[in-house]
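Topology and contacts: notes
Okay, here's what each chain looks like letter by letter:
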Amino acid sequence: MRGHLYFVTGQLVAREMKRKYSRSRLGILWSVLNPLLSMAVLSMIFSTMFRKSIEDYPVYYLTGLLIWSFFTAATNTAMTALADNQALLLQVRLPRSVFPLSRVVTAFVNFLYSLAAYAVMLLVFRIPLRESALVFPVIVLFLFLFSLGMGYVLSVLYVFFGDIRHLYGVALTLWMYLSALFYPLELLPRTMQAVIWQNPVYNFIAGARDCLLYGRMPPAMVLLRIALWGAGMYGAGRVVFWKSQNRVIQKL
Amino acid sequence: MEKRREERPAIAVRHVSMYYKVPVEGASSFKEYVIGALRGRNRTRVLRALEDISFDVRRGEVLGIIGTNGSGKSTLLKIISGALLPTRGQVEADRDSIQLLTLGTGFDRELTARENVYLSGALLGYSRDFIRRKYRKIVEFAELEGFMEQKVKNFSSGMVSRLGFAIATARETPGILILDEVLSVGDMFFREKSAGRIQEMIHSGATVLIVSHSVDTVRKNCTRALWIEKGRQRMDGEPGEVCAAYTDWGKRRKEVGR
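Here goes a summary of the coordinates provided. (Residues numbered from 1 in each chain as written. Chains lettered and ligands numbered in written order. Predicted model: local features only at pLDDT ≥ 70, side-chain atom pairs only at ≥ 80, totals over all residues. Heavy atoms only, no water.)

Side note on the overall build of chain B
Within chain B, the secondary structure is distributed over nine helices and nine strands. Here chain B, with 258 residues, has 50% of them falling under the buried criterion. Considering only residue pairs separated by 6 or more positions, chain B has 73% of its internal contacts joining residues 24 or more positions apart. For chain B, the exposed surface amounts to about 13,700 Å²; the carbon and sulfur share of it is 48%. (Helix = DSSP H or I, 4+ residues; strand = E, 2+ residues; numbered from the N terminus. Buried < 20%, exposed > 50% of the residue type's maximum accessible area, 1.4 Å probe, protein only. Contact = heavy atoms within 4.5 Å. Areas by Shrake-Rupley, 256 points an atom, 1.4 Å probe, with all protein chains shown as cover.)

Shown next as structure tokens:
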């Protein structure tokens, strides 16, 4: 059964990937190019502005962008996973969680491709990886769990209230500005900084910047928050998803 | 041993009722819902989709379920296949051996036919090895040699349903086979071929449930028929009789309507 779930998830992910690039020539290469182009644009706009406070601005931005893009792609696509597969949910006796799960995995595969772009930029900017880089996979793991948990909750909410999609879009915009993607946190007043440290996504980003860009261990407090948010959101997502399964099916 | 098998029905439906709560004014948006909740106005009405349905299906039996649209047939199927939990009552059946045959499960028109065989097969519960082994047979049965690398969106509807049928019936002997309006697929020749395949599966000892609103299909293929109307069990018995009663009732209803 477990083996079969891998197979199904794999097939669903392959489907999503093929669909995504079925009309483009460069195909999967876009997963690499996209963040690079976005980085180029933002760097042109902001690097003079933040030159003094941020070293290697493009990589600073790219680190945050990759994490942020994975998070938004995963949650946005997982949100509609149940509704999109309405017909299937009633025909197939698979655990229904494979649908949001495969959307999150798809976003994750994309994220892995974009890490190639990241590696290139590290080389270009001559940023060496230290032992602290070993923490990065752990951060990514919790980021994955965090996104998956959110995805479960959103996919259920979306079945009952289609409007959540638009609400979430607005919330994401606000959330992005609170994640210090393209500006240095030190620029903000102290109280605002404290607020942003409560933002789970910022903790993932800050942790990643520490261990890759600055070659140092993230503070214990940050690691703790990362682990708690990741595990907590995943747990909450599972509970919500499993408790509402029957109602979801009736609604569909 | 043999006797025991006979005694236990393949599917036992016991006093199954299914009620849905339907909001009187559907709150389809979050805003409406919140406003409704604040006013204490999210009133719901209970829709009785199924009311106290009970029947057994013995092994090897071919049961046809008839009824007009919205009579609760597909709700009953979903409960038997385990997709829905009934409000009351229970269903005893070996869930692992049930196969719900609906065409084109999970087809994606942007993918090629070959990719769809794997995708759809995975969703139906086949393993990768199994699909690989059966692949040629599936293509052959669907009569799609030479088309498998094309995107399904370029297929005619007949080709799509042939492929769907071939994938869905690739499994050797599902213990319990549920057919939801699938016996009217493709052109005349393919219809004969698919009816033949179903017969084969029936002969290999599968228990079959056929849902249809076509009386002919039920009369031709079933050993027993069940008529459900407005969620209630109207009649259960020999297909000829049940179908006759159903047709009569339909005629009478038409006359009353006039």
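Points about the interface of chain B and chain A
Opposite the 35 residues of chain B that make contact, chain A presents 27 residues. The interface formed by chain B and chain A includes three salt bridges. Joining chain B to chain A, the criterion identifies six residue pairs in polar contact (both at pLDDT 80 or more). Looking at which element gives the most residues to the side of chain B that touches chain A, the answer is helix α4 (residues 113-124) of chain B, with five residues. Taken together, the residues of the side of chain B that touches chain A sort by class into 17 nonpolar, nine polar and nine charged. (Salt bridge = Lys/Arg side-chain N within 4 Å of Asp/Glu carboxyl O. Polar contact = N/O pair within 3.5 Å; in protein donor to acceptor, adjacent residues only side chain to side chain. Nonpolar A, V, L, I, M, F, W, Y, C, P; charged D, E, K, R; others polar.)

Regarding a positive patch on the surface
A contiguous patch of positive charge on the surface is contributed by Lys230, Arg234, Arg252 and Arg253 of chain B. Residue Arg253 of chain B is classed as partly exposed on the basis of its relative accessible area of 45%. (Patch = residues over 30% accessible without salt bridge, like charges linked within 9 Å, V, L, I, M, F, W, Y side chains within 5 Å. Lys, Arg positive; Asp, Glu negative; His and termini not counted. Charge placed at Lys NZ, Arg CZ, Asp CG, Glu CD.)

Looking at helix α3 (residues 57-79) of chain A
Between its terminal C-alpha atoms α3 of chain A stretches 33 Å, which fits the 33 Å expected from 23 residues at 1.5 Å a residue. In terms of burial, α3 of chain A is a largely internal element, 19 of the 23 residues being buried. (Expected span 1.5 Å × (residues − 1).)

Brief notes about the packing of aromatic side chains
Enumeration over the complete set of coordinates arrives at 25 aromatic pairs over all chains. Relative to Phe71 of chain A, the ring of Trp68 of chain A has its centre 5.7 Å away and its plane inclined at 50°; by these criteria the two rings are tilted. With Trp68 of chain A and Phe71 of chain A both in helix α3 and three residues apart, this pair spans about one turn of that helix. Taken individually, Trp68 of chain A and Phe71 of chain A each receive the classification buried, so the pair is uniform in this respect. Aromatic side chains Phe141 of chain B and Phe165 of chain B sit 6.0 Å apart centroid to centroid with 20° between the ring planes, which places their arrangement in the stacked category. One end of the pair, Phe141 of chain B, is in helix α5 (residues 128-142); the other, Phe165 of chain B, is in helix α6 (residues 157-168), and 24 residues separate them in sequence. A residue is classified by how much of its surface remains accessible, and Phe165 of chain B, at 0% relative accessible area, is buried. Taken together, the ring pairs connect Trp68, Phe71, Phe146, Trp175, Phe204 and Trp229 of chain A into an aromatic cluster. When the ring centre of Tyr60 of chain A is taken as origin, the NZ or CZ atom of Arg209 of chain A, which lies over that ring, is 3.6 Å away. Above the plane of the ring of Tyr19 of chain B lies Arg48 of chain B, whose end atom (NZ or CZ) is 4.8 Å from the centre. (Phe/Tyr/Trp six-rings, centres within 6.5 Å; stacked < 30°, edge-to-face > 60°. Lys NZ or Arg CZ within 6 Å of the ring centre and 35° of its normal.)

Quick look at the sheet that holds strand β3 (residues 62-66) of chain B
All names here are of chain B. On the basis of which strands lie adjacent, the open sheet formed by six strands has the order β5-β6-β7-β3-β8-β9 and mixed pairing. Where the open sheet ends on each side, the last strands, each with one partner, are β5 (98-101) and β9 (232-237). Taken over all neighbouring pairs, the strand axes of this sheet differ in orientation by 15° on average, direction set aside. (Pairing = 2+ DSSP bridges. Axes fitted to C-alpha atoms, helices over the stretch in contact; angles between N-to-C directions.)

Focus: the packing of helix α7 (residues 136-160) of chain A against helix α10 (residues 200-213) of chain A
Helix-helix packing is described using two parameters, namely the angle between the two axes and the distance between the axes. Residues and elements named next belong to chain A. Running from N to C, α7 and α10 point in directions that differ by 165°, and their axes come no closer than 10 Å. Between α7 and α10, the angle falls in the class roughly antiparallel. When you trace α7 past α10, the crossing you get is left-handed. Contact with α7, carried on its side by Phe136, Ile139, Phe142, Leu143 and Phe146, involves Pro200, Val201, Phe204, Gly207, Ala208, Cys211 and Leu212 of α10 and no other residues of that element. (Parallel < 35°, antiparallel > 145°, perpendicular 65-115°, else oblique. Left-handed = near helix turned anticlockwise from the far one by under 90°.)

Overview of a nonpolar patch on the surface
Residues and elements named next belong to chain A. A cluster of nonpolar side chains, contributed by Leu26, Leu29, Trp30 and Leu37, occupies part of the molecular surface with about 350 Å² of accessible area. Along the polypeptide, Trp30 turns up in helix α2 (residues 29-46). On the basis of relative accessibility, which here comes to 31%, the residue Trp30 falls in the partly exposed class.

Structural notes on the packing of α4 of chain B against α5 of chain B
All names here are of chain B. For the pair α4 and α5, interaxial distance at closest approach is 10 Å and the crossing angle is 130°. Relative to α5, the element α4 lies oblique. α4 and α5 meet at a crossing whose hand is right-handed. On the side of α4, the interface is formed by Arg114, Val117, Tyr118, Gly121 and Ala122, while α5 contributes Arg128, Ile131, Arg132, Tyr135 and Ile138.

Some thoughts on the pattern of salt bridges
Enumeration over the complete set of coordinates arrives at 18 salt bridges over all chains. Ionic pairing is found between Arg15 of chain A and Asp108 of chain B, a salt bridge with its closest N-O pair at 3.3 Å. With Arg15 of chain A in helix α1 (residues 2-20) and Asp108 of chain B in the loop between β5 and α4, the pair connects residues from two separate chains. Taking relative accessible area as the criterion, Arg15 of chain A reaches 9% and is therefore assigned buried.

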